[in-house]
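Below, each chain spelled out in residue letters.
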Amino acid sequence: MCKSKLYRLLALLVATSLMLAACGGAAPGAPATEPAAGGGGSKVTSSGFECPEPNPRMEVTSTELNLFVWTEYFPQDMLDCFELVYDIKLNRDEYSSNEEMYAKLSGGGAAYDLAQPTDYIIGLMIRQDLLQELDHSKLPNMKNFDEGWMNKPFDPGNRYTVPYLAGIDAIVVNTDAVENVPQSWADLWKPEYAGRMIALDDSRVLIGAALLILGYDVNTRDPGELEEAKAKLAELIPNIKVFDSDSPKTALIAGDVDLGITWTFEALAAQQENPAIQFIYPTEGAILWQDNWVMLKDASHADAAYAWLNYINQGEVFWLTLVDYTYINPNKAALEYAKENQPDIYKAYFDSPITNPPPEAIANGHGIQDVGEATPLYDAIWVEVKGQ
């Protein structure tokens, strides 16, 4: 999902957001390689961030690593530090939806090492033999994750996945512009919201909301229930002014829309600009999700991939996501580091009900899962409803 920066005023560091070139694209400028003040040969990024040493340092012979990832989802210092400490060139292609990612990978011809799918599409990628099993002996920093984010139903035992960040899809509303603040998915169907909504360009989230209103499971495979959901979702379309999964906060901040459906970070970023913007966990239950790293079947730089996965998941590196990309953070080492060394940033994360949702919001939430042979039914519903 498209992400952008926030909490800059809290940050002690300044991260410069650059677009790194994707495989075969234009090469980015090299990050700074100046030694840190005081000597010792430490690597320092162009923003002045002193790069932690790899712990442990992996043996790597590859000189590049090819990533296929969500748009704008990484602190620049994290990217720069990996290149500096390992002398490895990062190449990066980006996508805006899981479906876009899957279509490119399943089509063949893409020379990527790591991708970053959301939970529900991982089962399909495994069945299509797109992924390779991970060697956990080469992932010592897996220990840094909270157990609650490991061993999930989409990948028991984390045979194929390493967690990255997690989030929630729920209701966002500008309380200055909306008199009757919605509290449920069903409320969004009210005629008073006609032409006033932003919605994610995400079939599973929107169809899932319709299913929940009807009292069905968000992962149903029943054709009859899905047909009902299609009719229900069609009723919502007049309320939606724009579909946007790249930067839904933009229309909210600009006042082009008054409410809608978005995810954790985008809601928080909008709220930072306008405190009247609130994130509402719907009474039927929000949509929970988790983004993960996977290694592709034909990865040609597996040694660099393992080095990357270990380095970024060090607590003293991964805490940077709290500055720039504030989602639900599954890395307990990063949170502990921030609590001790960046208390203002940690407090902002911990005190927000968006990034630190109440337990009942998690307990009442619904995870999107792979629906197997029913996937074409969901796709057909989405194409038909959006095209009306």
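To be clear, the structure that these remarks concern was listed above.
This structure is a prediction, so every number in the text was calculated from the model and none was measured.

J.: Tell me about the pattern of salt bridges, residues and numbers included.
T.: Taken as a whole and judged by the stated rule, the model has 15 salt bridges. Across the pair Asp93 and Lys104 runs a salt bridge whose closest N-O atoms are separated by 3.3 Å. With Asp93 in strand 4 (residues 89–95) and Lys104 in helix 2 (residues 98–106), the pair connects residues that are 11 residues apart, well separated along the chain.

J.: Explain the state of the cysteines to me, and be specific about the residues and the numbers.
T.: Under the definition given, this model contains one disulfide. Paired through a disulfide, Cys51 and Cys81 show a sulfur-sulfur distance of 2.1 Å. Here the disulfide of Cys51 and Cys81 is left-handed, its torsion about the S-S bond being about -85 degrees. Here the residue Cys51 occupies a position in the loop between strand 2 (43–44) and strand 3 (64–70), and Cys81 occupies one in helix 1 (residues 76–86), the gap between them amounting to 30 residues.

J.: Can you tell me about the nonpolar core, naming the residues and giving the values?
T.: If you look at the biggest cluster of nonpolar residues, it comprises 127 residues, and the most contacted ones within it are Leu65, Trp293 and Trp308. The biggest single contributor to this core is strand 6 (residues 161–174), with nine residues.

J.: Could you give an account of the packing of aromatic side chains, naming the residues involved and the relevant values?
T.: Tallied over the entire structure, the rule returns 22 aromatic pairs. Each ring, one from Phe243 and one from Trp382, has its centre 5.7 Å from the other, and the planes form 85 degrees; the classification is edge-to-face. Placement of the pair is Phe243 in strand 8 (residues 240–243) and Trp382 in helix 14 (residues 375–386), with a sequence separation of 139 residues. For the pair Trp293 and Trp308, a centre-to-centre distance of 5.9 Å together with 85 degrees between the ring planes defines the contact as edge-to-face. Taken together, the residues Trp293 in strand 11 (residues 287–295) and Trp308 in helix 8 (residues 302–312) connect sequence positions 15 residues apart. Like Trp293, the residue Trp308 is buried in the burial classification. Here the basic side chain of Arg204 rests over the ring of Tyr378, its NZ or CZ set 4.7 Å away from the ring centre.

How each quantity is defined
- Think of each chain on its own: its residues are numbered from 1, step by step along the sequence as written.
- Only residues with pLDDT of 70 or above have their local features reported here, since the model is predicted, and side-chain atom pairs are shown and tallied only from 80 upward, although totals for entire chains, interfaces and linings are computed over all residues.
- Calculation of side-chain values draws on the structure's entire complement of heavy atoms; hydrogens and water are dropped beforehand.
- Each salt bridge in this description consists of a side-chain nitrogen of Lys or Arg and a carboxyl oxygen of Asp or Glu lying within 4 Å of one another.
- By definition, any uninterrupted DSSP run of H or I lasting at least four residues is a helix, any uninterrupted run of E lasting at least two residues is a strand, and each is numbered from the N terminus.
- What counts as a disulfide here is a pair of cysteine sulfur atoms lying within 2.5 Å.
- Side-chain atoms within 4.5 Å are what join buried Ala, Val, Leu, Ile, Met, Phe, Trp, Tyr and Cys residues into a set we call a nonpolar core.
- Residue exposure (1.4 Å probe, protein chains only): buried if accessible area is under 20% of the type maximum, exposed if over 50%, otherwise partly exposed.
- Here the aromatic set is Phe, Tyr and Trp, taking the six-membered ring for Trp, and pairing holds for ring centres within 6.5 Å; pairs whose planes are under 30 degrees apart are stacked, those over 60 apart are edge-to-face, and all others are tilted.
- Placement of a positive charge over a ring is assigned whenever Lys NZ or Arg CZ falls within 6 Å of the ring centre and within 35 degrees of the normal to the ring plane.

Function cannot be read off these values alone, since they describe shape.
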